[in-house]
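# Working through the structure, step by step
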Amino acid sequence: ILALTSCLFFYYQYTDSSMVDRLKSNVALIGKATQSSTLDSLGVADHGINDNYSPHYFKSACTSTRKEARPWWRVELPGRYAITTVIVVNRGDCCPERLNGAQVRAGESQEDNGNVNPRCGTIANASRGTYHYFCCCGKKARYINIVLPGRSRVLSMCKVDVSGVPVAEDCPRIPGDKNVALRGEATQSSTYSGLGEAGNAVDGSWNAYLFQSSCTLTRYQQAPWWRVDLHGKYQVSAVLIRNRQDCCKNRLERAEVHLGSSLVNNGNSNYRCGIIQSTSLGSIHLICCGGQVGQYVNVVSPKTVFLTLCEVEVYGVPVPKLEKNLALLALTSQSSTYEAAGQASHAIDGNRSPYYIMKSCTHTLYEVSPWWQADLRMSVHVSAIKVVNRRDCCHKRLVGAEVRLGNSLAANGNANYRCGVISVAWPGSVHTLCCNGRKGRYVNVVIPGKEKNILTLCEVEVYAVCPPKTCPRFWNETNVALKGAANQSSTFSPTGLASNAIDGNQNPNYFSWSCSHTQKNFGPWWRLDLKTRFRISWVLIVNRQDCCSERLEGAEVLIGDGLLEQTDENIWCGTVEKVSPGSIHKLCCYGIKARFVNIIIPNREEYLSLCEVEVYGVLP
């Protein structure tokens with residue numbers, strides 16, 4: 001009953017202070033207004049969304065069109081919003097009947113200037129200075145229109161309030177994500193006064209006025225920061241930030257959003273999701289984090305300034321607890337063994353002691369490209385690999401070590417996919433390298449290069465999680481492969497051109513001239529140049545149906561900005577598994593920015609044939 005009541009038509013007298021407060025917090029204030037015509041300078045469209053709350057036309061507080069057929073007024077919001085309510089304020093000085101029959105519409109279409117978007121309601125029984133309240137019930141909209149049907153009408157009103165929540169679908173969304181900041185604990189580098197406490201930014205209120213105790217405020221200082229502790233690790237898709245409405249719009253410019261699980265430098269050295277580039281009064285900023293994992297979300301300004309935030313929303317899902325350490329049951333080997341105290345198996349004994357003398361670390365001879373390997377006995381989806389460095393001596397030996405994962409034993413497993421590089425090390429340091437769910441049986445740690453080195457590891461832990469069942473997607477994504485340019489490592493015949501895989505035809509029969517086909521060679525590849533960078537959410541591959549479907553088994557999708565087919569700078573999206581005639585495979589790329597899409601069959605001699613490749617994404 002309450003839900004129904006909230007969507008009924010109401011009207012309020014202008015003197016109702018609670019409605020004035022509603023107007024002060026409405027998202028229309030940061031929109032752009034226009035109308036079908038303008039009577040004079042007193043009735044411009046912007047008067048419908050300014051800070052003047054008078055209902056009197058001659059105080060420059062109202063809009064007015066000329067007398068015309070079907071006059072309209074529109075506000076364009078800075079992005080997509082889920083619209084809850086629209087309030088229209090009638091004139092208090094004259095002509096209240098003019099507003100009778102006006103329709104309130106909300107949607108994303110610009111057809112007929114937005115006047116064909118879904119209708120939230122129609123104004124009836126208009127009188128002087130009344131508020132007309134309409135429920136739009138969460139409609140996704142960028143345009144809010146007031147349109148007056150009829151042949152010869154004047155549309156005049158004094159204020160339009162739009163309440164809504166920004167839609168975070170411009171970032172790849174994680175299924176089931178929600179605002180997890182509401183249960184977090186906020187702190188900041190300093191507090192200017194009791195009005196600007198850190199917790200105000202996670203109170204669930206989009207009120208953007210400092211003096212209504214809904215915003216934070218630090219002192220004037222170098223690099224001020226604000227942080228929310230989510231009380232656990234979350235995979236975060238997006239962060240929404242509301243700027244102050246009443247003052248000082250530029251203070252938030254160049255502020256950085258960081259996400260991670262470290263409190264080093266108060267958390268301001270964690271992974272940077274993005275930078276707020278430009279601001280306006282009450283502006284709302286969407287920062288994509290691309291599924292990065294962390295417990296702390298920081299907003300930090302690089303300037304000497306006051307830092308003010310009126311709301312911070314963090315959209316994410318809890319990170320599943322890591323499964324047991326799979327390395328404990330692995331078989332180990334290494335390129336050489338210095339002595340019995342440095343055996344390969346010491347790195348998986350469940351003991352993180354960083355002291356070599358405790359017989360808990362490995363140790364190779366002084367040699368070129370020393371390596372260590374764990375055979376997990378089966379291929380699993382690996383989330384993270386942890387490496388514990390030695391504390392008592394020689395901690396810098398681990399700098400430059402690469403962690404690799406895959407199913408091949410070529411080059412002793414050191415040619416498999418690289419999950420990461422240990423670039424900085426210190427005594428007893430613990431390094432976590434993310435493999436993003438990549439599947440593999442062999443875990444290698446190798447120090448590459450032509451110079452001799454010693455490799456010592458005091459523990460290696462391997463954790464696996466189940467891969468996601470669905471790919472996070474952009475609301476406005478399209479198949480961007482159609483305008484790209486394709487090539488491949490070789491071409492079997494004119495029937496199997498590389499471009500056949502992006503012709504928009506999913507026909508899985510090779511002799512219909514709709515599939516690509518290489519010659520049989522080692523590590524065959526197909527590559528798509530998108531001609532510019534896109535944020536790629538997922539890649540679809542159609543397998544051949546009329547013959548040889550098994551050839552595609554094990555093909556990998558790598559995306560990035562590099563031209564080399566197997567460059568480590570490219571990022572792995574997934575591996576094609578469980579093929580069948582005409583099978584369709586979807587591989588998630590989680591909004592990674594890339595220009596090139598590579599499909600390669602690694603570590604074997606094979607033909608590569610693709611009957612369609614679709615790449616879904618948006619411009620960054």
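Residues numbered from 1 in each chain as written. Predicted model: local features only at pLDDT ≥ 70, side-chain atom pairs only at ≥ 80, totals over all residues. Heavy atoms only, no water.

## Focus on the state of the cysteines
Here the structure, examined in full by the defined rule, presents 11 disulfides. Residue pairing for Cys 247: its cysteine sulfur links by disulfide to Cys 248, the two sulfurs lying 1.8 Å apart. The S-S bond linking Cys 247 to Cys 248 shows a torsion near 45°; that makes this disulfide right-handed. On the accessibility criterion, Cys 248 (23% relative accessible area) is partly exposed. (Disulfide = S-S within 2.5 Å. Buried < 20%, exposed > 50% of the residue type's maximum accessible area, 1.4 Å probe, protein only.)

## Examining the environment of Val 299
One can find Val 299 in strand 15 (residues 284–300). Given a relative accessible area of 0%, Val 299 falls into the buried group. Sequence separation between Val 299 and Ile 276 is 23 residues, and the spatial gap between their C-alpha atoms is 9.8 Å. The residues touching Val 299, leaving out its near neighbours within four places in the chain, are Pro 224, Trp 225, Trp 226, Ile 241, Ala 255, Glu 256, Val 257, Leu 307 and Leu 309. (Helix = DSSP H or I, 4+ residues; strand = E, 2+ residues; numbered from the N terminus. Contact = heavy atoms within 4.5 Å.)

## As for a nonpolar patch on the surface
Side chains of Tyr 355, Ile 357 and Met 358 sit close together on the surface and give an oily, nonpolar patch of about 350 Å² of accessible area. In this structure, Ile 357 sits in the loop between strand 18 (331–334) and strand 19 (367–368). On the basis of relative accessibility, which here comes to 70%, the residue Ile 357 falls in the exposed class. (Patch = residues over 30% accessible without salt bridge, like charges linked within 9 Å, V, L, I, M, F, W, Y side chains within 5 Å. Areas by Shrake-Rupley, 256 points an atom, 1.4 Å probe, with all protein chains shown as cover. Salt bridge = Lys/Arg side-chain N within 4 Å of Asp/Glu carboxyl O.)

## Let's talk about the domain arrangement of the protein
Interface extent is often summarised as the accessible area lost during association of the parts. Looking at the assigned domains, one finds that the protein contains domain 1 (1–166), domain 2 (178–318), domain 3 (331–463) and domain 4 (478–618). Inter-centroid distance (C-alpha atoms) of domain 1 to domain 3 is 64 Å. (Domains from an automatic or database assignment.)

## What about the packing of aromatic side chains?
Throughout the structure, instances matching the rule amount to six aromatic pairs. Ring plane angle 85° and centroid distance 5.8 Å describe the contact between Tyr 192 and Phe 306, whose orientation is recorded as edge-to-face. One end of the pair, Tyr 192, is in the loop between strand 10 (185–188) and strand 11 (221–222); the other, Phe 306, is in the loop between strand 16 (304–305) and strand 17 (311–318), with 114 residues separating them in the sequence. Each ring, one from Trp 538 and one from Tyr 616, has its centre 4.4 Å from the other, and the planes form 10°; the classification is stacked. Taken together, the positions of Trp 538 in strand 29 (residues 525–542) and Tyr 616 in strand 34 (residues 612–618) put the pair 78 residues apart, joining distant regions of the chain. Given a relative accessible area of 6%, Trp 538 falls into the buried group. For Tyr 616, a relative accessible area of 17% puts it in the buried group. Pairwise contacts between aromatic rings join Tyr 192, Tyr 220 and Phe 306 into one cluster. Here the basic side chain of Arg 227 rests over the ring of Tyr 296, its NZ or CZ set 5.8 Å away from the ring centre. (Phe/Tyr/Trp six-rings, centres within 6.5 Å; stacked < 30°, edge-to-face > 60°. Lys NZ or Arg CZ within 6 Å of the ring centre and 35° of its normal.)

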